[in-house]
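# Per-entry structural report
Chain by chain, the residues run as shown.
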Amino acid sequence: MVTVFERFALGTWSTERLAQVSKLHVERIKPMLRNRIYNGWVQRYGDWMPAAWRDRPPVSDDLWERCVAVREAKSRGGGPRRTDRVDLLNGLLYCACGQKLWSEGWKGNDQRKRHRYSCDRWGDPERRLASTWEIPIRAQLAQIDLSPRALARVPQALANPPALPDEVGRKRIERECRELAQRYGRGSITEAELIAEGQRLAGQAEALNGAPVTSEITSDQAVRYLLTLAETWADADEQERADLVHSVYRRIEVAGPAFVGVTLTDVAEKHGLALVLPEQVNIGSIRDGVRVGGEGLEPPTSSV
């Protein structure tokens, strides 16, 4: 059951595909992904209340919020526009000077990328094909190291995670504020109860601003995320792979054809992806491979 949520949270799994893999009917998958009972809440008299298992729900707050974000994106038509030609790295490429690279036309199925200004770090020619960097990125995701030795490093890294802003907590408070207003609108609570609950939530929100938290992701959850990511990449079509790339990389910095570094998304970092992404990848046509490094990878810089 939890695996259904984990796959859906990647943003590339449709409910139909989840139904096929999980052997559950698609009409059961859809309400399951919206049922907060898995996140530790029960409904009483039309209102959601904490369940007895709220402290340790099957679906963690972090995983639930990622699923909510995917549902919202799908409902409003978010994500890259589907076409016959997919720009895998759209919006992710930056020159080492800090300038974001422009997309400028296609050559066959390959997107051209151009530096807006003259730059020594970019060099010549003015335009380069996206496959220059896309091929190594594809190889990096295809060659995730899922060996026992690599996965054994994940629990060690999660034992002392860095403190981050509590985005999950913030989203939870925002949702509870909306639900509080709805309860008052239905007449489920009095004005005094509305004010008291509002003050309690405001106090929680204020506490979050000054108290960064460490990730509550367990090593088992992180390993399942890594295994699911690798499986999804292997089975995905081009558009799904583009969505997956954007869920993994926040920024890819280059100097002409060479990689300077990559920055992973917060979700990817928190689940230990940096520990299993290969720094050196084999793309076949380059004998010695290509080194793809970046923030969060060791060593942090690399070059072709």
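Residues numbered from 1 in each chain as written. Predicted model: local features only at pLDDT ≥ 70, side-chain atom pairs only at ≥ 80, totals over all residues. Heavy atoms only, no water.

### Focus: the packing of helix H1 (residues 2-9) against helix H10 (residues 219-235)
Direction vectors running N to C along H1 and H10 enclose 60 degrees, while the axes themselves pass 10 Å from each other. In terms of orientation, H1 and H10 fall into the oblique class. Two packed elements cross with a definite hand, and for H1 against H10 that hand is right-handed. Contacts from Val2, Glu6 and Arg7 of H1 reach H10 at Gln221, Arg224, Thr228 and Glu231. Classifying every residue of the contact of H1 with H10 by side-chain character gives one nonpolar, two polar and four charged. (Axes fitted to C-alpha atoms, helices over the stretch in contact; angles between N-to-C directions. Helix = DSSP H or I, 4+ residues; strand = E, 2+ residues; numbered from the N terminus. Parallel < 35°, antiparallel > 145°, perpendicular 65-115°, else oblique. Left-handed = near helix turned anticlockwise from the far one by under 90°. Contact = heavy atoms within 4.5 Å. Nonpolar A, V, L, I, M, F, W, Y, C, P; charged D, E, K, R; others polar.)

### Some remarks on the environment of Arg121
As for its placement among the helices and strands, Arg121 is situated in the loop between strand E5 (110-114) and strand E6 (127-129). On a C-alpha basis, the gap between Arg121 and Ala255 in space is 5.1 Å, while along the polypeptide they are 134 residues apart. Residues in contact with Arg121, not counting those within four places in the same chain, are Cys95, Ala96, Ala255, Gly256 and Val260.

### Some thoughts on the environment of Ile195
Here Ile195 shows up in helix H9 (residues 191-209). When its relative accessible area of 45% is taken as the criterion, Ile195 is described as partly exposed. Sequence spacing of Ile195 and Leu180 is 15 residues, and the spatial spacing of their C-alpha atoms is 9.9 Å. (Buried < 20%, exposed > 50% of the residue type's maximum accessible area, 1.4 Å probe, protein only.)

### Quick word on the sheet that holds E6
Strand order in the open sheet formed by three strands is E4-E5-E6, and the pairing between neighbours is antiparallel. With partners counted over all chains shown, the strands left at the sheet margins are strand E4 (102-107) and E6, one partner each. Neighbouring strand axes in the sheet, compared pairwise and without regard to direction, differ in orientation by 35 degrees on average. Across four bridges, the pairing between E4 and E5 is antiparallel. In the strand pairing of E5, Lys107 is matched with Asp110. Against the sheet, helix H5 (residues 131-142) makes contact with E5 and E6, and its axis sits at roughly 30 degrees relative to E6, the strand it touches most. (Pairing = 2+ DSSP bridges.)

### Focus: H5
Spanning twelve residues, H5 covers 16 Å between terminal C-alpha atoms, matching the ideal 16 Å at 1.5 Å per step. Looking only at H5, the buried set comprises Trp133, Glu134, Pro136, Ile137, Arg138, Ala139, Gln140 and Leu141. (Expected span 1.5 Å × (residues − 1).)

Keep in mind these values describe shape, not function.
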